[in-house]
Amino acid sequence: MAKTSAPLKKKPAPRKPAAPPQAAAAFDKIVPEIDSLSRDALVPINIDIPRAVSQVLGVLPGLLALRPTIAERLPTHDVGLIDRLETYALAAWYAHLLWLSSGGAENALKPLLGEAVPLRENLLSDAEALARRGLVDAEAVAEIRAGNGHIDTANDLVALSALFSAGWSEIAGKTAATEQEVHRAGELGPQILAALGVREHGAAPAPTDATDRRARAFSLFMHAYDQTRRAVAYLRWDEDDAEAIAPSLYKGRGGRGSSSSDATAAPPPAPPAQPSVAPDAAPSVAAAPAPAGAAPISAPPVG
């Protein structure tokens, strides 16, 4: 196969997931798809959702740059999945926050913030040291440093967790940050956002409703990204940079032990990509209760 373009020069860095209003808007936009998704299409939640969303948002610009080539070279591929990937990612992030808030997060805000503020500063200082040595993306670290307020603190922790995890094989032993800190940052960020939302707006959705919608939003997100990865793998086979453009979300998970957002172990590696990238049926899981309307979490005041 002829080369489609030059190899990727810079590994994309994970990004902040989004403020709750943006994520809520994305969730609202795909509610009809969430509610109509067949239960047979649900996939197990076996990765950390906030970290996965952060990683996908980081590589999204490169995926969008390949969109014209995918549309031209793979006419059977649904390029609309690329167009909707950011929306699906943010919707999955928001559904995760709704799920967390359904578990009584309203009582946890003060101690969570007490732990989060020093953890953010320590990880951020470590990331800046790594950036000066060219081991992590300096622009991504600077963007995290610019945040302020509780919402930014929460999103910063998610972004830092994803940043360290994505490059852990390269930076382990070169930083004072520990795997436990990286893992804890990925847990704290979403918990703080959920607690802020419940504090500001009161009652959260029923646990069964929130669990069901989280599973459905996650399944839409993963299907869109998996199909996009298959297209990228086929087109970039000769360049051997497909994994940098659209990395597996199951790799580089430094700092992950068992997490409250993980249900099972990571699946085996995917088979080689095929040129025809029609949607595949996803593995089924136990049927969840039928979804009901979930009250969205809007952004609380920053401070």
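Up top is the structure these notes are about.
Below is a summary of the structure that appears in this document. (Residues numbered from 1 in each chain as written. Predicted model: local features only at pLDDT ≥ 70, side-chain atom pairs only at ≥ 80, totals over all residues. Heavy atoms only, no water.)

When helices and strands are tallied, the protein chain shows twelve helices and zero strands. Mapped from its N terminus to its C terminus, the protein chain presents α and β elements in the order α-α-α-α-α-α-α-α-α-α-α-α. Here the protein chain, with 303 residues, has 50% of them falling under the buried criterion. Approximately 13200 Å² of the protein chain is accessible, and the part contributed by carbon and sulfur atoms is 55%. (Helix = DSSP H or I, 4+ residues; strand = E, 2+ residues; numbered from the N terminus. Buried < 20%, exposed > 50% of the residue type's maximum accessible area, 1.4 Å probe, protein only. Areas by Shrake-Rupley, 256 points an atom, 1.4 Å probe, with all protein chains shown as cover.)

The next point concerns helix α3 (residues 49–73). Helix length check: α3, at 25 residues, gives a terminal C-alpha distance of 31 Å against a target of 36 Å (1.5 Å per residue), a shortfall beyond 12%. Taking the backbone nitrogen of Arg51 as reference, a side-chain oxygen 3.0 Å away marks Asp48 as the first, capping residue of α3. (Expected span 1.5 Å × (residues − 1). Polar contact = N/O pair within 3.5 Å; in protein donor to acceptor, adjacent residues only side chain to side chain.)

Now for the packing of helix α6 (residues 109–132) against helix α8 (residues 149–166). Contact pair α6 / α8: the axes reach a minimum separation of 10 Å and the direction vectors enclose 45 degrees. With respect to α8, the element α6 is oriented oblique. For the crossing formed where α6 meets α8, the hand is left-handed. Note on element contacts: α8 touches α6 through His150, Thr153, Asp156, Leu157, Leu160, Leu163 and Phe164, opposite Leu113, Ala116, Leu119, Arg120, Leu123, Leu124, Asp126, Ala127 and Leu130. Of the residues that constitute the contact of α6 with α8, the class distribution is eleven nonpolar, two polar and three charged. (Axes fitted to C-alpha atoms, helices over the stretch in contact; angles between N-to-C directions. Parallel < 35°, antiparallel > 145°, perpendicular 65-115°, else oblique. Left-handed = near helix turned anticlockwise from the far one by under 90°. Contact = heavy atoms within 4.5 Å. Nonpolar A, V, L, I, M, F, W, Y, C, P; charged D, E, K, R; others polar.)

Another aspect to go through is the pattern of salt bridges. Under the criterion given, the structure shown has 14 salt bridges. For Glu187, the salt bridge is made with Arg184, and the minimal N-O distance between the two is 3.0 Å. A residue pair is termed a helical-turn pair when its members lie 3 or 4 positions apart in one helix, as Glu187 and Arg184 do in helix α10 (residues 179–201) at three residues. Measuring nitrogen to oxygen at the nearest pair gives 3.0 Å for the salt bridge that ties Arg216 to Asp212. With Arg216 and Asp212 both in helix α11 (residues 207–235) and four residues apart, this pair spans about one turn of that helix. For Arg216, a relative accessible area of 3% translates into the label buried. When salt bridges with common partners are traced through the structure, they connect Lys16, Arg120, Asp152 and Asp156 into a single cluster. (Salt bridge = Lys/Arg side-chain N within 4 Å of Asp/Glu carboxyl O.)

At their nearest, the axes of α6 and helix α7 (residues 138–145) sit 9 Å apart, and the two run at 155 degrees to each other. Here α6 is positioned roughly antiparallel relative to α7, judged by the angle of their axes. The interaxial crossing formed by α6 with α7 has left-handed handedness. Residues Arg120, Glu121, Leu124, Ser125, Ala127, Glu128 and Ala131 of α6 touch α7, and the partners they reach there are Ala138, Val141, Ile144 and Arg145. Partitioned by chemical class, the residues of the contact of α6 with α7 number six nonpolar, one polar and four charged.

Applying the stated criterion across every chain yields a total of one aromatic pair. Between the aromatic rings of Phe27 and Tyr94, the centroid separation amounts to 5.5 Å while the plane-to-plane angle is 55 degrees, which identifies the pairing as tilted. Note that Phe27 is positioned in helix α1 (residues 20–29) and Tyr94 in helix α5 (residues 85–101), a separation of 67 residues in sequence. Exposure class is identical for Phe27 and Tyr94. Each is buried. In this structure, Arg214 packs its charged tip against the face of Trp99, placed 3.7 Å from the ring centre. (Phe/Tyr/Trp six-rings, centres within 6.5 Å; stacked < 30°, edge-to-face > 60°. Lys NZ or Arg CZ within 6 Å of the ring centre and 35° of its normal.)

Attention now goes to the nonpolar core. Among the nonpolar cores identified, the biggest contains 85 residues, and Ile70, Phe164, Ile192 and Phe221 are the most heavily contacted of them. Broken down by element, the residue count for this core peaks at eleven residues, all from α5. Beyond its immediate sequence surroundings of up to four residues, Ile70 is in contact with Pro75, His77, Val79, Ile82, Ala231, Val232 and Leu235. (Core = buried A, V, L, I, M, F, W, Y, C linked by side-chain atoms within 4.5 Å.)

The subject of this paragraph is the side chain of Arg120. Its place among the elements puts Arg120 in helix α6. Residues in contact with Arg120, not counting those within four places in the same chain, are Ile144, Arg145, Gly147, Thr153, Asp156, Leu157 and Leu160.

Further remarks concern the environment of Ile192. Here Ile192 is to be found in helix α10. In this structure Ile192 comes out as buried when scored by relative accessible area, which is 0%. Look past the residues within four positions of Ile192 in its chain and what remains in contact with it is Leu109, Leu112, Leu113, Ala116, His150, Ala154 and Leu157.

Geometry only, nothing functional implied.
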